[in-house]
Amino acid sequence: MTALQSAVADLRELDGHTLTDAQVLGCVETLLDLGAQLNAVSTRLLTVADAREATVAECGRSIRSWLIEEQRCSSMEAGRRAALARALPCHPVLSDAFDAGDISFEHARVINACLRHLPPDWHEFAEKTLVEAARDLPPDALGPIVDKLRESFGEESAAEREQRRFDSRWCRSARTFEGMVHLEGMLDPEQGQTLLIALRAL
């Protein structure tokens, strides 16, 4: 850990203005790849901590509460990190790709969420399919692949999928200590697009 901290300290001294465009982009690409691998390492350690209930023993908090209160994660991020840490041991293909830095934390989170909504008998095939797709696609492009899987296995028609999305909508708001309003939620595609158009107009 000391060597890693020292390397990060050296990087903080790097002046991007002294680099060529190609060098700047190369550095960013490398750092994004390393960031994905570090995310995988921290998630794997969270898996161990959760199995041992380390945060309960050390500070009387669940993993999620510890991430929020001690590591200043948002409630959503903390929940996602805790959920992925618990799920990875059950999904070796996903875990290996995440560890290798082939996919990001967000890829892994989306794939895990997708697998939770599929019958267990499909998990092995769906996991391999989604991980392979994630190597070349952004996380938000994986949803349509899951839709196709559900339809191909005859589990859900297009109409049923639309109804499920509609029924899964949610939204919540909260005020910050400065009076700002924090919003988070999930809308179906049509209503989401309507909201985005309205927000862009503002």
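Further up the page is the structure itself.
The present account deals with the structure reproduced in this document. As the structure is a computational prediction, the values presented were derived from the model and not from experiment.

### Structural notes on the overall build of the chain
Helix and strand counts for the chain stand at 11 helices and 2 strands. Scanning the chain from its N terminus toward the C terminus, one meets helices and strands in the order α-α-α-α-α-α-α-α-α-α-β-β-α. Dimensions of the chain, computed from the C-alpha atoms along their principal axes, are close to 55 × 45 × 45 Å. Taking all 202 residues of the chain together, the buried fraction comes to 27%. The long-range share in the chain, meaning contacts at least 24 apart out of those at least 6 apart in sequence, stands at 45%. Surface summary for the chain: the accessible area is close to 13,500 Å², and the carbon and sulfur share equals 57%. Treating the 22 positive side-chain charges of the chain as one cloud and the 33 negative ones as another, the clouds have centres 5 Å apart.

### Things to note about the nonpolar core
Counting residues in hydrophobic clusters, the biggest one holds 24 residues, and the most contacted among them are Leu94, Phe98, Ile103, Ile111, Leu130 and Leu142. Breaking this core down by element, the ones donating at least two residues are α6 (92–99), α7 (105–116), α8 (123–134) and α9 (143–152). Element by element, the count of residues in this core is highest for α7, at 6 residues. Excluding residues that lie within four positions of it along the chain, Leu130 makes contacts with Ile111, Cys114, Leu115, Leu142, Ile145 and Val146. Formed by 8 residues, the second largest nonpolar core is a distinct cluster that contains Ala49, Cys73, Ala78 and Ala85.

### Let's talk about the packing of aromatic side chains
Under the criterion given, the structure shown has 1 aromatic pair. One Lys or Arg, Arg81, reaches over the ring of Phe105 and ends 4.5 Å from the middle of that ring. The positively charged end of Arg169 is found above the aromatic ring belonging to Phe166, 3.6 Å away from the centroid.

### A short note on the pattern of salt bridges
Close approach of charged atoms allows side chains of opposite charge to pair. In the structure shown here, the tally under the stated rule is 10 salt bridges. When the shortest N-O distance is used, the salt bridge between Arg81 and Glu77 registers 2.9 Å. In this pair, Arg81 and Glu77 are both assigned in helix α5 (residues 75–87), 4 residues apart and thus about one turn of the helix distant. Given the relative accessible area of 14%, Arg81 is considered buried. A salt bridge links Glu132 to Arg135, with the shortest nitrogen-to-oxygen separation between them at 3.4 Å. Since its relative accessible area comes to 47%, Glu132 is described here as partly exposed. Each of Arg61, Glu69 and Glu70 takes part in salt bridges that share partners, so that together they form one network.

### Description of the environment of Val24
Of note, Val24 is situated in helix α2 (residues 21–52). Val24 has contacts with Gly16 and Leu19, leaving out every residue within four places of it along the chain.

Parameters at a glance
- Residues numbered from 1 in each chain as written.
- Predicted model: local features only at pLDDT ≥ 70, side-chain atom pairs only at ≥ 80, totals over all residues.
- Heavy atoms only, no water.
- Helix = DSSP H or I, 4+ residues; strand = E, 2+ residues; numbered from the N terminus.
- Buried < 20%, exposed > 50% of the residue type's maximum accessible area, 1.4 Å probe, protein only.
- Contact = heavy atoms within 4.5 Å.
- Areas by Shrake-Rupley, 256 points an atom, 1.4 Å probe, with all protein chains shown as cover.
- Lys, Arg positive; Asp, Glu negative; His and termini not counted.
- Charge placed at Lys NZ, Arg CZ, Asp CG, Glu CD.
- Core = buried A, V, L, I, M, F, W, Y, C linked by side-chain atoms within 4.5 Å.
- Phe/Tyr/Trp six-rings, centres within 6.5 Å; stacked < 30°, edge-to-face > 60°.
- Lys NZ or Arg CZ within 6 Å of the ring centre and 35° of its normal.
- Salt bridge = Lys/Arg side-chain N within 4 Å of Asp/Glu carboxyl O.

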